[in-house]
Amino acid sequence: MNTGWWSDLRYLMRRYPLGVGGAVIMTVFVLAAMFASVVAPLDPFSTNARASLAPPGSKYLMGADMMGRDVLSRLIHGARISLAVALGATALGSGFGAALGLASGYIGGWFDLIVQRLAEIMQSLPLLVMALVITASLGPSLGNTIIAIAIPLIPNVARVIRSNVLSLRELPFVEAAKATGMSEWRVAIVHVLPNTLAPLIVLATAQLGSTILTEASLSFLGLGVPEPYPSWGRMLSESAAEYVRTAPWLVIFPGLAISLVVFGSNLLGDALRDALDPRQRD
Amino acid sequence: MLSYLIRRLLLMVFTLFGVSIAIFLLLRIVPGNIADILFDSAGMIDPAEKQKIVSDLGLDLSLPVQYAHWIGGLLHGDLGYSYVSEKPVLDEILPRIPITGRLAALALLFAVCTGVPLGVISAVQQNTWLDYALRLFSLSGLSMPSFWLGLLILMAFVHYFGTIPIYDRAPATFWAWVAMLGVPAAAVGFRSSALIMRLTRSSMLEVLRQDYVRTARSKGLSEAGVTFDHALRNAMLPVITVIGVETAFLFGGLIVTETVFNIPGVARFLVEAIRWRDYPMVQNLVMFIAFVVVTVNLIVDILYMFVDPRIRYGQ
């Protein structure tokens, strides 16, 4: 049992070294986020006027910000916010998108037509523009940021799942299920839905990175997650242009954290696509 | 062809109509308008004066009437007045469009000029260290927030020149122009470049396996001839798609990059308008963005037909 698990892992590492690397990066960030209060060397909220803009050193490994707060500790706690927003938005958007795509592909007819037109309308606005307008309308809060990033994801997921459902619907096993007298809805949920899981997982992982980037952009523009949450994008907006001259560590480290976690999710997403859904390979 | 075009144009009008309703309602879901903001921030609590502002701006009319006013004006080229500057919206938006347009064009140019050749090199050298290095490079391009890349570039400017490029309507020298528009364009375009590179690589690899490429090789054509005449031309199709898709993504990058480099274009202006709840400005800017995206998509679909004669629409 134990050896089987190990040999599986060794096989994965040989076959998808980059994907395993991505998974490791993601795991490190998720663990850091989960155990933030244990891992973080200092209190991310405690201010210290004497340490204002302290450069990286032995006490403040990645320096301190304007208010003398430890950058490293804020980054570790910020991982909670950034990952919570990314996972929440991806789950919400993919869930709604998948339900809509399944219904649209399965029911067809006028319902499908309406969903398609709505998707087209939503896709005529860039992701960030739509997220900006939605946050502007709902007001800045953690929950609203998640909603604002999730909604623009829906049409894309709905379209991919719909086209999957359209081809699945014609397959013999679905017809066989219908022939046994199963109701349409049971066939849809018990037989069709599980078969769309692979493309859904691939799509969701691919979108994880873009949700993190969108959250960062929103917070950078001051319209994302509000204070006192130390989101990574927020840390950059507080420090942006003026600290480029005076305190570069305030710019370098949060950006590095964002890039690294998105890099990890991209590596993982590519490997999952190769493994689960070879047809989507671009 | 003609009937296809007409159908597409009708769909375009329908989509834009949908966008207009969506944005109009979205901006009015939550209570709180410009009058509230002005009064909250100024601390004035004279209800009569507030009421006057509300009725001057037409905020007390019913939603369908407000919508009809807006769309009616829009169709006549009258976009209303900005709540904040009190100037006509058109006068505020129009001068900013060329600035963003130039930046976007330069960014796309940069993306294509770097992405396509690097993608070809990566495909031809498949599974060598060069290929791996290029793939890692493009993946990191897709992982970096473009505003952070912009900030890093500013940091390099501070380090090497002791100053950062400041936007100037009429730059004095060529180098000033490069620093002012070229550098931000590269910062925005890097992401698109990485995407184009990935796509060029994978579609090149696909095409290089085809029979006609083997035929071209076996009849003695040089490797360069095969790569450029036969393979690259056929690998361009998905690249054109991605350029179409990227135009929408690019706008997101432009918003943050114009903010970082302090460029007074339309993209950054949208964020300012949103902060001020300047409804007429936000509505019209969003309509403008949607119009650009839909038009680019149409142009890309038409381009397809010229690049790939097998594609015929509407039959």
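Residues numbered from 1 in each chain as written. Chains lettered and ligands numbered in written order. Predicted model: local features only at pLDDT ≥ 70, side-chain atom pairs only at ≥ 80, totals over all residues.

(A) Expanded view of the overall build of chain B. Secondary structure summary: chain B contains 13 helices and 0 strands in total. Counting helices and strands in the order they occur from the N terminus, chain B gives α-α-α-α-α-α-α-α-α-α-α-α-α. A principal-axis box enclosing the C-alpha atoms of chain B has dimensions of 85 × 60 × 35 Å. Residue burial in chain B is summarised as follows: out of 315 residues, 37% are buried. (Helix = DSSP H or I, 4+ residues; strand = E, 2+ residues; numbered from the N terminus. Buried ≥ 20, exposed ≤ 12 C-beta atoms within 10 Å, placed from the backbone.)

(B) Quick peek at the overall build of chain A. Across its full length, chain A carries 13 helices and 0 strands. Secondary structure elements in chain A, listed N-terminal to C-terminal, are α-α-α-α-α-α-α-α-α-α-α-α-α. The principal-axis extent of the C-alpha atoms belonging to chain A is close to 75 × 55 × 30 Å. Buried residues in chain A amount to 49% of all 282 residues. A separation threshold of at least 6 residues defines the contact pool for chain A, and within that pool the share at least 24 residues apart is 69%. (Contact = placed C-beta atoms within 7 Å.)

(C) Fine view of the interface of chain A and chain B. Taken together, the contacts link 36 residues of chain A with 40 residues of chain B. Of all elements in the fold, only α5 (109-123), α6 (127-138), α11 (197-220), α12 (232-246) and α13 (249-276) of chain A reach the threshold of two or more residues within the side of chain A that touches chain B. Among the elements that make up the side of chain A that touches chain B, the one with the highest residue count is α6 of chain A (9 residues). Looking at side-chain class alone, the side of chain A that touches chain B contains 25 nonpolar, 8 polar and 3 charged residues. (Nonpolar A, V, L, I, M, F, W, Y, C, P; charged D, E, K, R; others polar.)

(D) Here's a closer look at the environment of D65 of chain A. Counting through the fold element by element, D65 of chain A comes out in the loop between α3 (36-39) and α4 (71-107). Sequence-wise, D65 of chain A and L200 of chain A are 135 residues apart; in three dimensions their C-alpha atoms are separated by 40 Å.

(E) Structural view of the nonpolar core. Among the nonpolar cores identified, the biggest contains 153 residues, and V129, L132 and V133 of chain A together with L270, V282 and V286 of chain B are the most heavily contacted of them. For L132 of chain A, the residues in contact, after removing those within four places along its chain, are L218 and L223 of chain A together with V271 and I274 of chain B. (Core = buried A, V, L, I, M, F, W, Y, C linked by C-beta atoms within 7 Å.)

(F) The confidence of the model for chain A, seen in detail. For chain A, mean pLDDT is 84; residues scoring 70 or higher make up 93% of the total. Mean pLDDT across the secondary structure elements of chain A bottoms out at helix α1 (residues 2-15) of chain A, with 75, and peaks at helix α7 (residues 142-150) of chain A, with 92. (pLDDT = per-residue confidence, 0-100.)

(G) Broad picture of unusual backbone geometry. Of note in this structure, N127 of chain B is not a glycine but carries a positive phi near 65 degrees. Tracing the backbone shows N127 of chain B in the loop between α6 (97-124) and α7 (129-143).

(H) Structural view of the packing of α4 of chain A against α5 of chain A. Residues and elements named next belong to chain A. Where α4 meets α5, the closest approach of the two axes is 7 Å, and the angle between their N-to-C directions is 140 degrees. Of the possible angle classes, the one that applies to α4 and α5 is oblique. For the pair α4 and α5, the sense of crossing is left-handed. Along its contact with α4, which presents L100, A103, S104 and I107, the element α5 presents G109, F111, D112 and V115. Across the contact of α4 with α5, the residue classes tally to 5 nonpolar, 2 polar and 1 charged. (Axes fitted to C-alpha atoms, helices over the stretch in contact; angles between N-to-C directions. Parallel < 35°, antiparallel > 145°, perpendicular 65-115°, else oblique. Left-handed = near helix turned anticlockwise from the far one by under 90°.)

(I) Broad picture of the environment of F173 of chain A. Position of F173 of chain A relative to the elements: it lies in helix α9 (residues 172-179). Residues F173 of chain A and V187 of chain A, spaced 14 residues apart in sequence, show a C-alpha to C-alpha distance of 10.0 Å.

(J) The confidence of the model for chain B, seen in detail. Residues and elements named next belong to chain B. Residues of chain B with pLDDT of at least 70 account for 92%, and the chain-wide mean is 82. Per-element confidence in chain B ranges from a low mean pLDDT of 62 for helix α2 (residues 34-42) to a high of 90 for α6. The ipTM value of the predicted complex is 0.85, and its pTM value is 0.87.

(K) A look at the packing of α13 of chain A against helix α8 (residues 146-161) of chain B. Across the interface, α13 of chain A lies against α8 of chain B with an axial gap of 10 Å and an inter-helix angle of 145 degrees. For the pair α13 of chain A and α8 of chain B, the crossing hand works out as left-handed. When α13 of chain A is examined against α8 of chain B, the residues V251, G255, I258 and S259 of chain A are found in contact with a partner set consisting of W148, L151 and M155 of chain B. Looking at side-chain class alone, the contact of α13 of chain A with α8 of chain B contains 5 nonpolar, 2 polar and no charged residues.

(L) Region of the structure containing α8 of chain B. All names here are of chain B. In this model, α8 (16 residues) spans 22 Å end to end at C-alpha, consistent with the 22 Å of a helix rising 1.5 Å per residue. For α8, the complete set of buried residues consists of S146, F147, W148, L149, G150, L151, I153 and L154. G162 lies just past α8 and shows a positive phi near 75 degrees. (Expected span 1.5 Å × (residues − 1).)

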